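Each chain is listed here by its residues.
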Amino acid sequence: LFIHQGVLSIERGREKLATFSKTLSNAKVIILGASEDDFKHFISHYHLDKSVFFYVGSVPYNILNQFWKRGDAAIVMYLPTYINNRLCAPNRFYIAVNNKIPVLVNKDNPVLNNFVKEYNAGGFIEDIQNINDLARFLNHSYPASLMKELIDVESNKFVYFYENI
């Protein structure tokens with residue numbers, strides 16, 4: 001089960017998500033947070049098999065992690081269209097790491113790309129071309145201490161930045 005949380009917009013990589021969904025044979029993508037109209041448009045616009053998805057919609061924040069605990073992997077994408085997207089460190093990435101599930105991100109986002117490469121926290125959605133690629137990705141694991149390492153390293157970067165302004 002792949003978790004996708006958030007809107008289904010161009011900037012959040014909906015085309016890449018559509019392409020990826022066509023490689024799935026026995027896996028599903030759960031859609032959290034998108035509106036039903038956007039989900040229907042996504043399915044029709046890209047001519048997708050609706051049975052590949054579980055549409056949930058909005059979820060109260062206090063139970064959101066219950067969905068994440070059931071995921072096998074997460075999909076977190078921000079196209080580098082805007083500066084905010086290029087520099088983001090989305091909470092969905094940290095939720096996935098905290099739940100010890102690998103993260104698929106888009107290669108062209110420098111922050112997400114760096115997180116995946118530096119911390120070995122997952123892979124790139126563009127690299128999943130077939131069922132074998134998918135199986136390799138789903139066998140990915142990382143140390144249980146990754147979340148603590150992320151907190152320590154990224155907190156130190158943050159403090160260093162503000163001390164040196």
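Quick caveat, the model's predicted, so the values are computed rather than measured.

**Re the pairing of strand β4 (residues 73-76)**
Then comes step 1: Residues of β4 alternate between two faces, with Ala 73 and Ile 75 on one and Ala 74 and Val 76 on the opposite face, all of them buried.
Then comes step 2: Taken together, the 3 bridges between strand β1 (residues 2-5) and β4 define a ladder with parallel strand orientation. Looking at the pairing, Phe 2 lines up with Ala 73 of β4.
Then comes step 3: Direction of pairing for β4 relative to strand β5 (residues 103-105): parallel, over a ladder of 3 bridges. Its bridge partner lying in β5, Ile 75 is registered against Leu 104.

**A word on helix α5 (residues 91-98)**
For the α-helix, the turn length of 3.6 residues means that residues three or four positions removed from each other point alike.
Then comes step 1: The set of residues buried in α5 consists of Arg 92, Phe 93, Ile 95, Ala 96 and Val 97.
Then comes step 2: Looking one or two residues beyond α5, the residue adopting positive phi is Lys 100, at roughly 60°.

**Comments concerning the pattern of salt bridges**
Pairing between side chains becomes possible if they bear opposite charge and their charged atoms approach one another.
Then comes step 1: According to the stated counting rule, one finds 4 salt bridges in the structure shown.
Then comes step 2: Salt-bridge contacts for Lys 40 lead to Glu 36; the nearest nitrogen and oxygen are separated by 3.7 Å. Here the residue Lys 40 and the residue Glu 36 both occupy positions in helix α2 (residues 36-45), the gap between them amounting to 4 residues, near one helical turn.
Then comes step 3: Owing to a relative accessible area of 45%, Glu 36 belongs among the partly exposed residues under this scheme.
Then comes step 4: Taking the shortest distance from any N to any O, the salt bridge between Lys 107 and Asp 127 comes out at 2.8 Å. Here the residue Lys 107 occupies a position in the loop between β5 and α6 (110-119), and Asp 127 occupies one in the loop between β6 (122-124) and α7 (131-138), the gap between them amounting to 20 residues.
Then comes step 5: Look at Asp 127 and you get partly exposed, because its relative accessible area is 36%.

**Here's the deal with the nonpolar core**
Side chains that are nonpolar tend, in soluble globular proteins, to be buried together.
Then comes step 1: Counting residues in hydrophobic clusters, the biggest one holds 28 residues, and the most contacted among them are Leu 32, Trp 68, Phe 93, Val 97, Val 105, Leu 146 and Leu 150.
Then comes step 2: Counting residues per element, this core draws most heavily on α6, at 5 residues.
Then comes step 3: Counting residues in each nonpolar core, the second largest holds 25 residues, with Leu 8, Leu 48, Val 52 and Leu 104 among its members.

**So, the side chain of Asp 133**
Then comes step 1: Relative to the elements of secondary structure, Asp 133 occurs in helix α7.
Then comes step 2: Setting aside residues no more than four positions away along its own chain, Asp 133 makes contact with Asp 127 and Ile 128.

**A few points about the sheet that holds strand β3 (residues 53-57)**
Then comes step 1: Strand order across the open sheet formed by 6 strands is β3-β2-β1-β4-β5-β6, with parallel pairing between neighbours. Two strands in the sheet have a free side with no partner beyond their single neighbour: β3 and β6. Strand-to-strand, the axes of this sheet are offset by a mean angle of 25°, without reference to chain direction.

**Structural notes on the packing of aromatic side chains**
Then comes step 1: For the coordinates displayed, the defined rule picks out 10 aromatic pairs.
Then comes step 2: Their ring planes at 20° and their centres at 4.9 Å tell us that Phe 93 and Phe 115 sit as a pair that is stacked. Taken as a pair, Phe 93 in helix α5 and Phe 115 in helix α6 lie far apart in primary sequence, 22 residues in all. Like Phe 115, Phe 93 is buried.
Then comes step 3: Following the ring pairs from residue to residue traces out a cluster consisting of Phe 39, Phe 42, Tyr 46, Phe 53 and Tyr 55.
Then comes step 4: Positioned above the aromatic ring of Phe 54, the side-chain terminus of Lys 28 is 5.8 Å from the ring centre.

Each value, and the rule that gives it
- Residues numbered from 1 in each chain as written.
- Predicted model: local features only at pLDDT ≥ 70, side-chain atom pairs only at ≥ 80, totals over all residues.
- Heavy atoms only, no water.
- Buried < 20%, exposed > 50% of the residue type's maximum accessible area, 1.4 Å probe, protein only.
- Helix = DSSP H or I, 4+ residues; strand = E, 2+ residues; numbered from the N terminus.
- Pairing = 2+ DSSP bridges.
- Salt bridge = Lys/Arg side-chain N within 4 Å of Asp/Glu carboxyl O.
- Core = buried A, V, L, I, M, F, W, Y, C linked by side-chain atoms within 4.5 Å.
- Contact = heavy atoms within 4.5 Å.
- Axes fitted to C-alpha atoms, helices over the stretch in contact; angles between N-to-C directions.
- Phe/Tyr/Trp six-rings, centres within 6.5 Å; stacked < 30°, edge-to-face > 60°.
- Lys NZ or Arg CZ within 6 Å of the ring centre and 35° of its normal.

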